[in-house]
Amino acid sequence: MRIIKHLTAAALMMLLAAACTEEKTYRVTGTGDALKDGDTLFLTTDLTGLIPSDTIIVKSGQFTLSGQTDSTTFCLLYSPTNEYLAMPFFIEPGNIKIELPKELENATVSGTLCNNEWQVVNDTMTTMSLEMNRLAQQMYSTQEPEQLKKINGQMEQLNEKFKNFILDRTKKNIDNEFGYFLVTFYCQQLLTPAQCKELIDQLPAELRQRTRIKQLEEDIALIQHNNEGQFGDFKMNDLSGKEISLLDEVKKNKLTVVDFWASWCGPCRRSMPQMVALYGKFHEKGLGIIGISLDEDKDAWTKAVSELGMTWQQVSDLKGWDNAIAKSFNIRAIPHMMLVDQEGNIVKDNIDPQQLEELLAEKLN
């Protein structure tokens, strides 16, 4: 499992802005056992700061919200006192129904195109997340190489299944606002640059003119350039503050693993003993590792390097997800590793430790 980058509030606010010519009415009705008379709920489009745009009081076990809108907006309904009551949905013309049962993980939204489709996606994500968690528990409870390989294979199959689901759902909705949402929300996280470009090309002309799509096209062009096979001569500071040429470091080894990680990333930390073992096994045969930290806190970064026994080169610009190298490769999830040869050619991108060990055994023994 990997840590996935959250959308910023600015990005979410740019996601949806329909080009309707006249305002239309929306009405939201909420019911369910999770609601009590007098409860206060907040509505917001600020998914980072959670600054409320509206306050709702529950009456007779339900709430209503209505107004005029000429756009489709992704928002969040949440409780200031119950952290589990947080319901993302779309405000758009039509009658929207929200069900908030006592078991809030079973909450649903329906009634309009985007909300109906969003519920289908959420249902699928919930099912697959439960299966992924089950596999993760199995992984962390065994050290048997064959069992780990089997579990990794099952996880890859599950990830591929979800990618195909999102791809199919996007194509189904490519001519409407939900298709636009899926393109801007999931494209770079899950799909290849070629798949993203193909979907963008299928969007209606009015949707393709939006700022978010223009930025996405620029990002994809940069990714395709980087994915032509060269790592590039990036420069970044090491733990002592000295600027390091990463290409110079790559040239010191037959093969180099470029590892994007962070001290706060649980999956990164759990995979590190395996990386330490691989480094010890293959370093004398020509393996190097460059750790690129997505930390913002230098002390946390330094402490983690020491605690985890990472004796290889470390660099960071301490800008978190805005790390310049991570952004140039559109890294949206960590851990993320790529294998680079002595000339800077990318041998394999997005490789897991098990695949890495097999590849190193083949190329360095």
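Before going into details, it helps to say that this report is about the structure given with it. (Residues numbered from 1 in each chain as written. Predicted model: local features only at pLDDT ≥ 70, side-chain atom pairs only at ≥ 80, totals over all residues. Heavy atoms only, no water.)

1. Here we look at the overall build of the protein
- Within the protein, the secondary structure is distributed over 12 helices and 17 strands.
- Taking all 365 residues of the protein together, 48% fall into the buried category.
- Expressed as a percentage of contacts within the protein between residues at least 6 apart in sequence, the contacts between residues at least 24 apart total 64%.
- Taking the average location of the 37 positive side-chain charges in the protein and that of its 51 negative ones, the two points are 2 Å from each other. (Helix = DSSP H or I, 4+ residues; strand = E, 2+ residues; numbered from the N terminus. Buried < 20%, exposed > 50% of the residue type's maximum accessible area, 1.4 Å probe, protein only. Contact = heavy atoms within 4.5 Å. Lys, Arg positive; Asp, Glu negative; His and termini not counted. Charge placed at Lys NZ, Arg CZ, Asp CG, Glu CD.)

2. As for unusual backbone geometry
- Backbone torsion omega between Ile334 and Pro335 reads 0 degrees, so that peptide bond is classified as cis.
- Of note, the phi angle at Leu50 is positive, near 55 degrees, even though the residue is not glycine.
- On the secondary structure map, Leu50 appears in the loop between β3 (40–44) and β4 (54–57).

3. Observations concerning the state of the cysteines
- Applying the stated rule across the entire model yields one disulfide.
- Each sulfur in the disulfide pair Cys265 and Cys268 lies 2.3 Å from the other. Because the sign of the S-S torsion sets the handedness, a value of about 80 degrees for the bond joining Cys265 and Cys268 places this disulfide among the right-handed ones. Comparing Cys265 with Cys268 shows no difference in burial state: the two are buried.
- Cys114 provides the cysteine sulfur closest to Cys75, a residue in no disulfide bond, and the two sulfurs are 11 Å apart.
- Classification of Cys75 by relative accessible area gives buried; the value is 1%. (Disulfide = S-S within 2.5 Å.)

4. Examining the pattern of salt bridges
- Overall, the coordinates contain 15 salt bridges when judged by the stated rule.
- In this structure, Glu99 and Lys97 form a salt bridge, with 3.4 Å as the shortest nitrogen-oxygen distance. (Salt bridge = Lys/Arg side-chain N within 4 Å of Asp/Glu carboxyl O.)

5. Here we look at the nonpolar core
- Core analysis: the largest hydrophobic core is formed by 59 residues, its most contacted members being Phe63, Leu77, Phe89, Ile98, Leu100 and Val183.
- With residues up to four places along the chain from it excluded, the contact list for Leu77 reads Leu41, Phe42, Leu43, Ile56, Phe63, Leu85, Ala86, Met87, Phe89, Ile98 and Leu100.
- Formed by 46 residues, the second largest nonpolar core is a distinct cluster that contains Met275, Leu294, Leu339 and Leu359. (Core = buried A, V, L, I, M, F, W, Y, C linked by side-chain atoms within 4.5 Å.)

6. Observations concerning the packing of helix α4 (residues 177–190) against helix α5 (residues 193–202)
- Orientation of α4 relative to α5, taken along the N-to-C sense of each, is 165 degrees, at an axis distance of 9 Å. If you check the angle between α4 and α5, you find them roughly antiparallel. For the pair α4 and α5, the sense of crossing is left-handed. For the pair α4 and α5, the contacting residues are Val183, Cys187 and Gln188 in the first and Cys196, Leu199 and Ile200 in the second.
- When grouped by side-chain class, the residues that make up the contact of α4 with α5 number five nonpolar, one polar and no charged. (Axes fitted to C-alpha atoms, helices over the stretch in contact; angles between N-to-C directions. Parallel < 35°, antiparallel > 145°, perpendicular 65-115°, else oblique. Left-handed = near helix turned anticlockwise from the far one by under 90°. Nonpolar A, V, L, I, M, F, W, Y, C, P; charged D, E, K, R; others polar.)

7. Things to note about the environment of Phe234
- With respect to the secondary-structure elements, Phe234 resides in the loop between α7 (211–226) and β10 (235–237).
- Between the C-alpha atoms of Phe234 and Leu247, which are 13 residues apart in sequence, the distance is 6.7 Å.
- Leaving out residues up to four positions away in the same chain, Phe234 has contacts with Ile244, Ser245, Leu246, Leu247, Ile325, Ser328 and Phe329.

8. Concerning the environment of Glu146
- Take Glu146: it is sitting in helix α3 (residues 145–172).
- Judged by relative accessible area, which is 62%, Glu146 ranks as exposed.
- Separated by 121 residues in the primary sequence, Glu146 and Pro267 place their C-alpha atoms 20 Å from one another.

9. Describing empty space enclosed by the protein
- The final tally for this structure, using the stated rule, is one cavity of 30 Å³ or more.
- Roughly 30 Å³ of internal volume is contained in the largest cavity.
- Lining of the largest cavity is provided by Asp259, Ser271, Met272, Met275, Pro335, Met337 and Pro353.
- The element contributing the most residues to the lining of the largest cavity is helix α9 (residues 266–282), with three residues.
- In the lining of the largest cavity, the residues fall into five nonpolar, one polar and one charged. (1 Å grid on protein atoms, 1.4 Å probe; cavity = no way out; pocket = protein on both sides within 12 Å on 5 of 7 lines; lining within 4 Å. Points joined across faces, edges and corners; volume = space filled by probe spheres on them.)

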